[in-house]
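Remarks on the overall topology
For reference, the chains in residue letters:
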Amino acid sequence: PPGVPADFHARIARVVHAAGARAIVDTSGPALAACAGCGAYLMKPSLRELEELCGPLGDDAAIVAAARDLIARDFAEMLLVSRAERGAMLVTRDDATPFAPIPVTPVSAVGAGDSMVAAVTLALSRGASPHEAARHGIAAGTAALMTPGTELVRPADYARLLKQARESAL
């Protein structure tokens, strides 16, 4: 929002990290760039947001390299990169796991990323592994694509799509 400093998210993540809790950061532009050294647990950039920060990323290997560079610079322990119609990719220091897209006919993209982050956060808070949480995020983000305007996830769509969310080959 206007008047909020670009490093606001990074400041909050540092406070959360210092308190022994886990911060999940979803931001873009200068606010994302300011997150170097913030020590977040998870960061969820879209491919476009990652490219704005790191430059063009032509293939999955480049996405993994860019994500690992951010991990090395302590942006976060892991990144969940949403790749639109290409699904998502969970990247840690030692692992990179792509998740296949779930085919649907998109109605609106409004809130899809936020729904993804919310589902990941909820799953992690309930003890899910990062991989399982990513599946929940993909299901929720995809379910949000199926609704008009600002209507978000319908529980029945989410439950059905969660059964389809899966890892894919890199």
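Our structure is the block above this text.
What comes next concerns the included structure. (Residues numbered from 1 in each chain as written. Predicted model: local features only at pLDDT ≥ 70, side-chain atom pairs only at ≥ 80, totals over all residues. Heavy atoms only, no water.)

**Points about helix α3 (residues 47–54)**
Leu47, Glu49 and Leu50 are the residues of α3 that are buried. With its buried residues spanning 160° around the axis, α3 presents them on a single face. On the buried face of α3, the contacting elements are α2 (29–33), α4 (60–72) and β3 (76–82). (Buried < 20%, exposed > 50% of the residue type's maximum accessible area, 1.4 Å probe, protein only. Helix = DSSP H or I, 4+ residues; strand = E, 2+ residues; numbered from the N terminus. Arc of directions from axis to C-beta. Contact = heavy atoms within 4.5 Å.)

**Some details on the pairing of strand β5 (residues 96–99)**
The two faces of β5 match: Ala96 and Pro98 on one face and Thr97 and Phe99 on the other face are all buried. Pairing of strand β4 (residues 88–92) with β5, which is carried by four bridges, proceeds in the antiparallel orientation. In the sheet register, Met89 faces β5, and the bridge partner there is Pro98. (Pairing = 2+ DSSP bridges.)

**Structural notes on the environment of Ala112**
Mapped onto the fold, Ala112 is located in helix α5 (residues 112–125). Along the backbone, Ala112 and Asp157 are 45 residues apart, and their C-alpha atoms lie at a distance of 13 Å.

**Brief notes about a nonpolar patch on the surface**
On the surface, a nonpolar cluster with roughly 240 Å² of combined accessible area is contributed by Val4, Phe8 and Ile12. Mapped onto the elements of the fold, Val4 is located in the segment before α1 (8–18). For Val4, a relative accessible area of 37% puts it in the partly exposed group. (Patch = residues over 30% accessible without salt bridge, like charges linked within 9 Å, V, L, I, M, F, W, Y side chains within 5 Å. Areas by Shrake-Rupley, 256 points an atom, 1.4 Å probe, with all protein chains shown as cover. Salt bridge = Lys/Arg side-chain N within 4 Å of Asp/Glu carboxyl O.)

**Here we look at empty space enclosed by the protein**
For the coordinates displayed, the defined rule picks out one cavity of 30 Å³ or more. Approximately 30 Å³ is the volume found for the largest cavity. Every residue along the wall of the largest cavity is listed here: Tyr41, Leu42, Met78, Leu80, Leu90, Val120, Leu124, Pro130 and Ala133. Only β2 (40–43), β3, α5 and α6 (130–145) provide two or more residues apiece to the lining of the largest cavity. Across the lining of the largest cavity, the residue classes break down as nine nonpolar, no polar and no charged. (1 Å grid on protein atoms, 1.4 Å probe; cavity = no way out; pocket = protein on both sides within 12 Å on 5 of 7 lines; lining within 4 Å. Points joined across faces, edges and corners; volume = space filled by probe spheres on them. Nonpolar A, V, L, I, M, F, W, Y, C, P; charged D, E, K, R; others polar.)

**Side note on the packing of α6 against helix α7 (residues 155–162)**
Following both chains from N to C, one finds α6 and α7 inclined at 135°, their axes separated by 8 Å at the closest point. As judged from the angle between their axes, α6 and α7 are oblique. For the crossing formed where α6 meets α7, the hand is right-handed. Here Arg135, His136, Ala139, Ala140, Thr142 and Ala143 of α6 come into contact with α7, specifically with Asp157, Tyr158, Leu161 and Leu162. A class-by-class count of the residues in the contact of α6 with α7 yields six nonpolar, two polar and two charged. (Axes fitted to C-alpha atoms, helices over the stretch in contact; angles between N-to-C directions. Parallel < 35°, antiparallel > 145°, perpendicular 65-115°, else oblique. Left-handed = near helix turned anticlockwise from the far one by under 90°.)

In short, geometric facts, not functional conclusions.
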